[in-house]
Amino acid sequence: MAGGNTLVLAETVLDKVLQPYNCRSFWTVGIRDLAVPERDFFHHSMPRAKTAVVVGHHVTTREEWKWYVSASRGAHCAADDHARNVSLHLEEALLRQGFPTEIVPYPGESGLQLRFVAQSAGAGEIAKNAFLLHPQWGPWIHLRVLATQALTKNKPRRVISVCNNCGACVSACPAGAIEDDTFNGLKCRQFRKARGEYHPVGPKRELRYCEICADICPIGSKPD
Ligand code: SF4
Ligand code: SF4
């Protein structure tokens, strides 16, 4: 690892790496500035990591956020394929600079809630409907996170305010999972499970997830 360097230099390089992708952004946050659950995740799984790099991809079509299951690839969608590709480019750029870097495994049960890392990095606000709301893209953002041994000079960000508390998602949720101040993940999951959402359907083995609370949200530009 290049001693004494910081991500400030790397961020210029990372910006260059990402220039061809107009559908993305990235943010960085020091591991020590994360909330306890996320900090603990990195301390246990990637103890030498100093910085989390959050990649956000703007989802602009419905198709790219449809998940399919295949024997060779497990669960996958085009938005995630794209965000993973971008992350691989970032990983290569950081490795070239001498900073050991890993992409946090996703999807699956890594134990890390990517949206909480993204919120701490300043990418948006976790809203009533439990989605991360990006100020321009609303809930239509797909996340990936890398952990690197490079340091970032970025200071901890204050959570930006994005949700306007309109209450549309509270009324629209068929499971009653969104209340004024809390999100009941268990109710949401039970409703989705009862609809069979976790079982692939059709010849393309598609996973059809409930998106009612994202669709009703007035923040950001909806996919085509
Ligand atoms: S995903 Fe569906 S069930 Fe879950 S909170 Fe949103 S609207 Fe309710
Ligand atoms: S629908 Fe309204 S209350 Fe719900 S997350 Fe979006 S802006 Fe916030």
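Residues numbered from 1 in each chain as written. Chains lettered and ligands numbered in written order. Predicted model: local features only at pLDDT ≥ 70, side-chain atom pairs only at ≥ 80, totals over all residues. Heavy atoms only, no water.

### Regarding the side chain of Glu197
To keep things clear, this is the line we draw: Secondary structure elements follow DSSP: runs of H or I of four or more residues count as helices, runs of E of two or more count as strands, with numbering from the N terminus. Each polar contact in these results corresponds to two N or O atoms within 3.5 Å; when the atoms are within protein, one needs to be able to donate a hydrogen and the other to accept it, and residues that are neighboring in sequence are counted only if both atoms are side-chain atoms. Contacts are assigned to residue pairs with any non-hydrogen atoms lying within 4.5 Å of each other.
Within the secondary structure layout, Glu197 lies in the loop between helix 6 (185-194) and strand 9 (206-207). A polar contact of 2.8 Å, which involves the side chain of Glu197, links it to the side chain of Arg192. A distance of 3.1 Å separates a polar atom in the side chain of Glu197 from a polar atom in the side chain of Arg195. Each residue touching Glu197, except ones within four places of it in the same chain, is listed here: Arg192, Leu207, Arg208, Tyr209 and Cys210.

### Focus on the nonpolar core
Let me state the cut-off plainly: Among the buried residues, those of types Ala, Val, Leu, Ile, Met, Phe, Trp, Tyr and Cys that are joined through side-chain atoms within 4.5 Å form a nonpolar core. Using a 1.4 Å probe on the protein chains alone, a residue whose accessible area is under 20% of its type maximum counts as buried, one over 50% counts as exposed, and one in between counts as partly exposed.
Ranked by size, the top nonpolar core spans 24 residues in total, and within it Phe42, Val54, Val104, Leu112, Val117 and Val145 carry the most contacts. Only strand 1 (24-30), helix 2 (36-45), strand 2 (51-58), helix 4 (114-121) and strand 8 (141-148) provide two or more residues apiece to this core. The contact partners of Phe42, leaving out residues within four places of it in the chain, are Ile31, Leu34, Pro47, Ala52, Val104, Leu112, Val117, Val145 and Ala147. Listed in part, the 14 residues of the second largest apolar core include Leu90, Ala93, Leu94 and Phe99.

### Regarding helix 4
For the α-helix, the turn length of 3.6 residues means that residues three or four positions removed from each other point alike. Taken across its eight residues, helix 4 has six buried, putting it largely inside the fold. Every buried residue belonging to helix 4 is among Leu114, Val117, Ala118, Gln119, Ser120 and Ala121, and all of these are buried. On its buried face, helix 4 sits against strand 1, helix 2, strand 2, strand 6 (125-126), strand 7 (132-133) and strand 8. Just downstream of helix 4, Gly122 is the residue with a positive phi angle, here 95°.

### Thoughts on unusual backbone geometry
For the bond from Tyr106 to Pro107, the omega torsion is -10°, close enough to zero to count as cis. Take Pro107: it is sitting in the loop between strand 5 (101-103) and helix 4. A positive phi is found at Ala130, a non-glycine position, where the angle reads about 75°. Within the element layout of this structure, Ala130 appears in the loop between strand 6 and strand 7. For Asn165, which is not glycine, the phi dihedral falls at a positive 60°. Judged by its relative accessible area of 54%, Asn165 falls in the exposed class.

### Some thoughts on the site of ligand 1
Short version of the rule: Near, as used in this document, describes a residue that has one of its heavy atoms within 4 Å of the molecule or strand being considered. Any residue outside Ala, Val, Leu, Ile, Met, Phe, Trp, Tyr, Cys, Pro, Asp, Glu, Lys and Arg is labelled polar, Gly included; the first ten of those are nonpolar and the last four are charged.
In the neighbourhood of ligand 1, the contacting residues comprise Cys173, Pro174, Ala175, Ile178, Phe183, Cys188, Phe191, Arg192, Cys210, Ile212 and Cys213. Within the residue set of the shell around ligand 1, elements represented by two or more residues are helix 6 and helix 7 (212-215). Ranked by residues supplied to the shell around ligand 1, first place goes to helix 6 with three residues. Here the shell around ligand 1 is built from residues that sort into 10 nonpolar, no polar and one charged.

### Details of the packing of aromatic side chains
Short version of the rule: For Phe, Tyr and Trp, rings pair up if their centres lie within 6.5 Å, where Trp contributes its six-membered ring, and each pair is then called stacked (planes under 30 degrees apart), edge-to-face (over 60) or tilted (otherwise).
Taken as a whole, this structure holds four aromatic pairs when the rule is applied. Between the aromatic rings of Phe41 and Phe42, the centroid separation amounts to 5.1 Å while the plane-to-plane angle is 85°, which identifies the pairing as edge-to-face. Residue class for Phe42 comes out buried when judged on its relative accessible area of 0%. A ring pair is formed by Trp67 and Tyr106, whose centres lie 6.3 Å apart and whose planes are at 65°; its orientation type is edge-to-face. Within this pair, whereas Trp67 is found in strand 3 (residues 67-70), its partner Tyr106 is found in the loop between strand 5 and helix 4, the two being separated by 39 residues in sequence.

### A few points about the domain arrangement of the protein chain
Filter applied, for reference: Boundaries between domains were set according to an automatic or database domain assignment. Buried area is a sum: the accessible area each of two parts loses on coming together, probed at 1.4 Å, counted once for each and added. Any carboxyl oxygen of Asp or Glu within 4 Å of a side-chain nitrogen of Lys or Arg constitutes a salt bridge here.
Per the domain assignment, the segments making up the protein chain are domain 1 (7-148) and domain 2 (168-215). Taking only C-alpha atoms, the centre of domain 1 and the centre of domain 2 are 23 Å apart. Taken together, the two surfaces of domain 1 and domain 2 that pack against each other cover about 1300 Å², and 59% of this comes from carbon and sulfur. Taken together, the links from domain 1 to domain 2 amount to two salt bridges. Two residues, Asp215 and Arg62, come together in a salt bridge whose shortest N-O distance is 2.8 Å.

### Details of the sheet that holds strand 3
Quick reminder of the rule: Note on pairing: DSSP must find at least two bridges between two strands before they are called paired.
With antiparallel pairing, the three strands of this open sheet are ordered in space as 4-3-9. Edge positions in the sheet fall to strand 4 (74-76) and strand 9, since each of these pairs with one other strand and no more.

### Observations regarding the site of ligand 2
Taken together, 13 residues surround ligand 2, and among them Cys163, Asn164, Cys166, Cys169 and Cys217 come closest. When its residues are assigned to classes, the shell around ligand 2 shows eight nonpolar, four polar and one charged.

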